[in-house]
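# Chain and residue survey
Below, each chain spelled out in residue letters.
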Amino acid sequence: MPNPEDLLGISLGSVVAPAGHGKTELIARTAALGRRTLVLTHTHAGVHALRSRLKRLGVDPKAAMIDTIASWSTRYTAAFPGVGRPLDRMPKGSEWSDIYKGGLKVIKVPAVGEVLRASYDRILVDEYQDCDLQQHSLVKLLSEHLPTIVFGDRMQGIFNFDDSPSVSWDRDVTPHFPFIGTLRDPMRWRSVNPELGRWIAEVRECLELGLPIDLRDAPVTYLACESDRDPSPLFHEIEGVPGSVAAIHRYRKACDQLAKSTGGFYQAIEDVACVDLQNFAEAWDAASGPRRVELLRSLIDLAICRKATVSVEAEHDAAVEVELEACYSSLASTGCATFAVGAIERARKHSLARTFRGELIRDAGKALAMVAQKKCENLTRSAFLVRQRISHAGRSMPERTVSTPLLLKGLEFDHVVVPDATHFNSGRNLSDRAKLFYVAISRARSSLVIASSSPTVQFPLPD
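Because the structure is a prediction, the values reported are computed rather than measured. (Residues numbered from 1 in each chain as written. Predicted model: local features only at pLDDT ≥ 70, side-chain atom pairs only at ≥ 80, totals over all residues. Heavy atoms only, no water.)

Next up on the list: the sheet that holds strand 6 (residues 179–182). A sheet is described by the order of its strands in space; here six strands give the open sequence 3-2-4-5-1-6, paired in parallel fashion. Both outer strands of the open sheet, strand 3 (64–68) and strand 6, are each paired with one neighbouring strand and no more. Looking at each pair of strands side by side, their axes are set apart by 20° on average, direction ignored. With three bridges connecting them, strand 1 (residues 12–16) and strand 6 associate as parallel partners. The residue of strand 6 that forms the bridge with Ser 14 is Phe 179. Sitting on the sheet, helix 4 (residues 69–79) touches strand 2 (37–41), strand 3 and strand 4 (122–125), and the angle it makes with strand 3 is about 100°. (Pairing = 2+ DSSP bridges. Helix = DSSP H or I, 4+ residues; strand = E, 2+ residues; numbered from the N terminus. Axes fitted to C-alpha atoms, helices over the stretch in contact; angles between N-to-C directions. Contact = heavy atoms within 4.5 Å.)

Next comes the structure, spelled out in structure tokens:
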């Protein structure tokens with residue numbers, strides 16, 4: 001198994017790293033040995049995890065620049081706009097590919113190569129199995145300027161889209177980044193639940209071979225259930241349990257529904273683009289006052305529900321309702337974002353209000369406030385800047401979240417709940433089902449609850 005000192009002498013290489021086997025620790029310790037290491041990953045969750053590990057190890061923050069590949073490319077295209085041609089808003093769909101195309105053009109500028117060599121002494125790329133071919137081309141070009149080591153695991157390769165296929169470890173990765181070694185120590189579970197760590201490693205082997213997994217014969221809590229939309233497993237023995245909790249469902253809309261059904265006890269987090277915020281912002285900019293009221297009411301309904309009970313603060317809530325309607329009335333007549341900010345604040349003040357998509361409503365409020373304060377000319381631009389800050393700074397996870405494997409990759413939680421494991425055996429892509437299930441269960445550090453409508457689960461062979 002490679003150690004940090006070994007990696008310092010390698011110019012190009014790849015490390016195979018199963019979930020929870022010390023990859024983040026190895027990257028952090030390797031980065032700490034350098035003058036200035038550029039560490040790239042794919043998600044904000046991954047950025048947060050790497051920064052947290054460096055902080056835990058007492059590493060000088062200046063020793064490593066940690067960023068997503070998309071964010072790093074965006075900043076470099078913005079720095080050289082004539083070559084990179086950056087967008088002035090959050091990309092959508094195929095526009096993400098334009099970021100990497102722009103990054104490739106910028107890196108080819110001789111002066112940029114000099115900047116890279118002056119800024120960093122090596123590059124480490126995390127979660128490399130999630131690179132598409134455009135990102136792979138970008139990293140290969142970076143590796144012409146600096147020593148580069150990539151870390152990944154094909155069993156966690158779940159970012160695979162028809163118009164943007166992920167790299168093949170055998171066909172694309174190792175020919176350019178020669179195999180260095182495989183991490184073998186299940187470090188995530190060593191001090192808290194070694195038995196769980198061994199079982200997850202065994203499940204990984206079964207999933208690679210397409211073998212069935214008996215959930216009753218496992219160091220997990222197995223719960224029989226009938227539906228993946230049933231929120232009851234999310235509350236199983238959760239009261240008073242210390243530490244972080246994540247419920248993991250493969251579909252994003254189901255996560256929002258589950259968060260809502262828990263009354264905000266669990267929070268649903270947003271993807272990097274926060275499409276609902278983007279759509280709201282674009283529609284807002286094209287709308288007049290009355291239409292803006294409709295849009296804002298719809299946005300609030302996406303993020304806030306009301307507890308189905310009798311209010312014990314009737315007088316308080318009556319006053320809040322009056323203020324809320326006054327904000328809507330002023331917004332209808334003026335179209336001013338100030339009144340939208342006021343409406344959001346008052347919608348959350350109601351004693352029965354339960355926010356279940358806090359990130360969405362919080363960022364909408366921030367974006368609207370920037371427009372109200374004339375810091376941005378329109379809401380589309382403001383929303384882009386708000387989300388870009390998260391891209392650069394990362395985000396703090398709520399204590400209890402319900403989200404997808406895609407958004408939680410790179411993170412670990414003390415406790416994980418999987419609503420009906422059989423739902424992972426759905427979707428048009430047969431080859432990603434086992435991988436999604438593996439990513440979900442391997443987020444658990446201390447305990448794992450798996451609800452399932454069948455005591456055994458089996459998935460098609462991963463590619």
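It is worth spelling out unusual backbone geometry at this point. Both trends apply: most residues other than glycine have a negative phi, and most peptide bonds are in trans. The phi dihedral of Glu 127 falls on the positive side, at around 50°, and the residue is not glycine. Topologically, Glu 127 is positioned in the loop between strand 4 and helix 8 (133–142). Positive phi is not limited to glycine here, since Cys 274 has a value of about 50°. Tracing the backbone shows Cys 274 in the loop between strand 10 (267–268) and helix 12 (275–285).

Attention shifts here to the state of the cysteines. Applying the stated criterion to the full structure yields zero disulfides. No disulfide involves Cys 274; its sulfur sits 14 Å from that of Cys 255, the nearest cysteine. (Disulfide = S-S within 2.5 Å.)

Before going further, it helps to examine the environment of Leu 146. By secondary structure assignment, the location of Leu 146 is in the loop between helix 8 and strand 5 (148–152). Taking C-alpha positions, Leu 146 is 7.9 Å from Leu 116, a pair spaced 30 residues apart along the chain. Not counting chain neighbours up to four residues away, the residues in contact with Leu 146 comprise Leu 116, Arg 117, Tyr 120, Asp 121, Arg 122 and Ile 123.

Attention now moves to the pairing of strand 13 (residues 400–403). Across four bridges, the pairing between strand 9 (residues 245–248) and strand 13 is parallel. Paired with Ile 248 across the bridge in strand 13 is Ser 403. Note: strand 10 against strand 13, two bridges, orientation parallel. The partner of Ala 268 across the bridge, within strand 13, is Val 402.

Take the sheet that holds strand 15 (residues 444–452) next. Ordered by their spatial adjacency, six strands build an open sheet running 8-15-14-9-13-10, and the pairing between neighbours is parallel. Edge positions in the sheet fall to strand 8 (221–224) and strand 10, since each of these pairs with one other strand and no more. Sheet topology note: the strand 9/strand 14 (residues 413–418) ladder contains three bridges and is parallel. Of the residues in strand 14, the one forming a bridge with Ala 247 is Val 417.

Another point: the packing of aromatic side chains. For the coordinates displayed, the defined rule picks out eight aromatic pairs. Three or more aromatic residues joined by ring pairs form one cluster here, namely Phe 235, Phe 265 and Tyr 266. One Lys or Arg, Arg 297, reaches over the ring of Tyr 328 and ends 3.9 Å from the middle of that ring. The ring of Phe 265 carries Arg 400 above its face, with NZ or CZ at 3.8 Å from the centroid. (Phe/Tyr/Trp six-rings, centres within 6.5 Å; stacked < 30°, edge-to-face > 60°. Lys NZ or Arg CZ within 6 Å of the ring centre and 35° of its normal.)

In the structure shown here, the tally under the stated rule is 35 salt bridges. With a shortest N-O distance of 2.4 Å, Arg 204 and Asp 153 are connected by a salt bridge. Here Asp 153 lies in the loop between strand 5 and helix 9 (169–176) and Arg 204 lies in helix 10 (residues 194–209), a separation of 51 residues in the sequence. Both residues of the pair, Arg 204 and Asp 153, belong to the buried class. (Salt bridge = Lys/Arg side-chain N within 4 Å of Asp/Glu carboxyl O. Buried < 20%, exposed > 50% of the residue type's maximum accessible area, 1.4 Å probe, protein only.)

What follows deals with the side chain of Asp 363. Mapped onto the secondary structure, Asp 363 falls in helix 16 (residues 358–372). With relative accessibility at 1%, the residue Asp 363 sits in the buried group. When sequence neighbours within four positions are dropped, the list of residues in contact with Asp 363 reads Leu 277, Val 386, Arg 387 and Ile 390.

Mapped onto the elements of the fold, Ser 351 is located in the loop between helix 15 (337–349) and strand 12 (353–355). According to the relative accessible area criterion, Ser 351 is buried, its value standing at 18%. Every residue in contact with Ser 351, bar those within four places of it in the chain, is listed here: Ser 311, Glu 313, His 316 and Asp 317.

On to the environment of Ala 421. Mapped onto the elements of the fold, Ala 421 is located in the loop between strand 14 and helix 19 (433–441). Assessed through its relative accessible area of 0%, Ala 421 is described here as buried. In this structure, the C-alpha to C-alpha distance between Ala 421 and Leu 277, residues 144 residues apart in sequence, is 30 Å. If sequence neighbours within four positions are ignored, Ala 421 has contacts with Leu 215, Phe 437, Ile 450, Ala 451, Ser 452, Val 457 and Phe 459.

Considering the arrangement of structural elements, one finds Asp 6 in helix 1 (residues 4–8). Distance in space between the C-alpha atoms of Asp 6 and Ser 446 is 31 Å, their sequence separation being 440 residues.

Residues Arg 85, Lys 101, Lys 105 and Lys 108 make up a contiguous surface patch of positive charge. Assignment of secondary structure puts Lys 105 in helix 6 (residues 95–107). (Patch = residues over 30% accessible without salt bridge, like charges linked within 9 Å, V, L, I, M, F, W, Y side chains within 5 Å. Areas by Shrake-Rupley, 256 points an atom, 1.4 Å probe, with all protein chains shown as cover. Lys, Arg positive; Asp, Glu negative; His and termini not counted. Charge placed at Lys NZ, Arg CZ, Asp CG, Glu CD.)

Restricting attention to buried positions, one finds in helix 7 (residues 110–119) the residues Val 112, Gly 113 and Leu 116. The arc that holds every buried residue of helix 7, seen down its axis, measures 105°, which confines them to one face. Along helix 7, exposed side chains directed more than 90 degrees from the buried face belong to Pro 110, Glu 114 and Ala 118. Where the residues of helix 7 are buried, they touch helix 4, helix 6 and helix 8. (Arc of directions from axis to C-beta.)

Any functional reading would require information beyond the geometric quantities listed.
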